[in-house]
Number of protein chains: 2
Amino acid sequence: MSKTFDELIAKVNEMEMKKVSVAVAQDSAVLEAVRAAKDRKIADAILVGDKDKIRKVADEMNVDISDFEIIHVADDIEASLTAVKLVHDGKADMYMKGLLPTKDFLKSVLNKEVGLRTGKALSHVCVFEIKGIDHLLFLTDVAFMPYPTLEDKVSIIENTLQITKACGIENPKVAPLAAVEVVNPKMPVTVEAAELTQMNRDGKITGCIVDGPLSLDLSIDPEAAKHKGATDRAIQGDADILLFPDIHAGNLVYKALVHTAEVKNGNMLTGTKAPVILTSRSDSFEVKVNSIALAAVVAESMKNN
Amino acid sequence: MSKTFDELIAKVNEMEMKKVSVAVAQDSAVLEAVRAAKDRKIADAILVGDKDKIRKVADEMNVDISDFEIIHVADDIEASLTAVKLVHDGKADMYMKGLLPTKDFLKSVLNKEVGLRTGKALSHVCVFEIKGIDHLLFLTDVAFMPYPTLEDKVSIIENTLQITKACGIENPKVAPLAAVEVVNPKMPVTVEAAELTQMNRDGKITGCIVDGPLSLDLSIDPEAAKHKGATDRAIQGDADILLFPDIHAGNLVYKALVHTAEVKNGNMLTGTKAPVILTSRSDSFEVKVNSIALAAVVAESMKNN
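Cut-offs and rules
- In this convention, every chain numbers its residues from 1, walking through the sequence in written order.
- Labels are handed out in written order, letters beginning with A for the chains and numbers beginning with 1 for the ligands.
- Residues qualify for local features only when their pLDDT is at least 70, as the model is predicted, and side-chain atom pairs are given and counted only at 80 or more; totals for whole chains, interfaces and linings, by contrast, use all residues.
- Each side-chain value is worked out from all heavy atoms of the structure, with water and hydrogens disregarded.
- Only heavy atoms enter the contact rule, under which two residues are in contact if any of them lie within 4.5 Å.
- Summed over both partners, the accessible area (1.4 Å probe) lost when two parts come together is defined as the buried area.
- A side-chain nitrogen of Lys or Arg and a carboxyl oxygen of Asp or Glu constitute a salt bridge if their distance falls within 4 Å.
- Two N or O atoms form a polar contact when they lie within 3.5 Å of each other; inside protein one atom must be a possible hydrogen donor and the other a possible acceptor, and for residues adjacent in sequence the pair counts only when both atoms belong to side chains.
- Only DSSP runs of H or I reaching four residues or more are called helices, and only runs of E reaching two or more are called strands; each is numbered from the N terminus.
- Any residue that is not Ala, Val, Leu, Ile, Met, Phe, Trp, Tyr, Cys, Pro, Asp, Glu, Lys or Arg is counted as polar, Gly included; the first ten are nonpolar and the last four charged.
- Of the grid points, spaced at 1 Å and generated over the protein atoms alone, those admitting a 1.4 Å probe that cannot get out make up cavities, while open sets with protein on both sides within 12 Å along at least five of seven lines make up pockets; any residue with an atom within 4 Å of a point is treated as lining.
- Grid points are joined across faces, edges and corners, and a volume is the space filled by probe spheres set on the points.
- Using a 1.4 Å probe on the protein chains alone, a residue whose accessible area is under 20% of its type maximum counts as buried, one over 50% counts as exposed, and one in between counts as partly exposed.
- When DSSP locates at least two bridges between a pair of strands, those strands are taken to pair.
- Note on handedness: a crossover is taken as right-handed if, strands pointing away from the viewer, the path from the first strand over the helix to the second is clockwise.

Draft legend 1. Structural view of the interface of chain A and chain B. Counting residues at the interface gives 35 residues for chain A, matched by 36 residues for chain B. Interface of chain A and chain B: buried area, both sides summed, is about 3000 Å²; carbon and sulfur atoms make up 69% of it. Summed over the three residues of chain A that lose the most area to chain B, namely His-248, Leu-252 and Thr-260 of chain A, the buried surface amounts to 21% of that side. Applying the counting criterion to the chain A and chain B interface returns two salt bridges. Linking chain A to chain B there are six residue pairs in polar contact (both at pLDDT 80 or more). With 11 residues, helix H10 (residues 247-260) of chain A is the largest single contributor of residues to the side of chain A that touches chain B. Taken together, the residues of the side of chain A that touches chain B break down into 21 nonpolar, seven polar and seven charged.

Draft legend 2. Broad picture of the layout of surface pockets. What the second largest pocket holds in volume is close to 1200 Å³. Val-180 of chain A together with Thr-102, Ala-143, Leu-278 and Ser-280 of chain B are, among the 35 residues lining the second largest pocket, the residues nearest its centre. Those elements that provide at least two residues to the lining of the second largest pocket are helix H2 (28-39), helix H5 (102-109) and helix H10 (247-260) of chain B. Here the lining of the second largest pocket gets four residues from one element, more than from any other, and that element is H10 of chain B. Counted by class, the lining of the second largest pocket contains 16 nonpolar, 10 polar and nine charged residues.

Draft legend 3. Examining the pairing of strand S1 (residues 18-23) of chain A more closely. Residue and element names in this part refer to chain A. Counted residue by residue, S1 has five buried out of six residues, so it is predominantly covered. Across six bridges, the pairing between S1 and strand S2 (residues 43-49) is parallel. Paired with Ala-23 across the bridge in S2 is Val-48. Taken together, S1, helix H2 (residues 28-39) and S2 form a β-α-β motif whose crossover is right-handed. In the sheet, S1 pairs with strand S4 (residues 94-97) via four bridges, with the strands oriented parallel. Among the inter-strand pairings, Val-22 is bridged to a residue of S4, identified as Met-96.

Treat this as a map of the structure, not an account of what it does.
Dropping the structure here:
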């Protein structure tokens, strides 16, 4: 089981090297990240996009890309379809966004002929290593699905279980979060959290332990759980997956962690046939490299199942 | 302007000593906090409740309460009404919850004859000193009002301005938070945030600068604001007041800060005639002492206006 990003990367280093296909690769931050990923034996890359522009950006950043395969496609939409088809056809293992709008990137992911759709809803997972917490935390959905319904939340949990499994976490604990840890009919989020818990008990959500509604302290802090006497709960400060009520709560907590705590993190899209890396321009260099490592672990796990 | 809790407490030390009236004072954590507050010259206290029980709890905790005034009222509801009346009548400056349910405590706060109601909506503010951020942050509402309407949000801002003013912050910057920093009609929170901003421009919300919707990184991290090129925004990582979409988002961020970042914090209820301290059993000793100091600063400010 990977408990830190160092452990995750060590695991990746032991695997056969995976390959990431980059859509519209003329993006300085992405080129730096794939260079570092290759140097650290995390993943190789195929750069799809405008060859001249890719070379120009690499030169400006002083990034050596001589050992990467480059596929020249000048048009951005065409480049994205070419890049995603490489993953669809098994010539690459992961798909990564370069210099094109998220909307266009997602269209390629969902393309019926060459894309990576499974029919499942897509969701986003952000993996955190946080100082003071002895295992990885999987936050979802902090960036993609705005207002998930109960059904969406089931999909989000199922999508995320693929990622926890890839990280070697057996039967992870899922905390459907709220401001409080008891059901309050005036707070629909708590009612839905209880419904998810019941669906898990009834065998409708499997491969994990769901216990909600749960406040954040009871989810991540064993001392707080002890102090509050939460001895009857399935989760006592030891949650693996934090399921957020909506994108606002998720995104605000995500950014609170990144901007105030000591953390490492990486993220990816889930619900696709192969790992999809959709980092944003505000993500740091390390986040991009961590995201590639995470995707590589998931690609390996998908291959073996 | 107070930028840390040490500065806030130094300010309190220079003031004439305030007095906190405690409702149902036979609470070990509260007795420890008022003892420390008096020792640190933050505030004196009047203990209202069952005299024997108060003495017993103090003895068990080895807390010296010999220099506190005790008013014996055996019945809890009666004790709360007696305690709040002391503040109503100006015999004490702040009102604090002891060992009684929040519901009963609030009833005393809102009592028409002896309570502290102003006709305004009550809201909660949590003040944070966070390592890496060079000024105090005022988070609202993370604990009291579940799903504030637009009108409620105006009240929350107005209530919080009393607190920032007491802390010496002129024209504070208010960030109505969301997952994103642009208006998206599919996200009602962003529409309301824009409406609050417009109301501020139109002079309907005064004494502050409102700029929303705003993501958390643009609200609290000047580097992130610079990186994202947010040079046209009134807030560029320098928000004072963080206005949350709802209690779930607020409470989850609040607990993320407390349980993962290096922080000091204190909190109080607002919208009342005098400061009301409503700490919870999960709040640490230091949080309770900080909350008394915060209330003392606000009491002084209210007296001078």
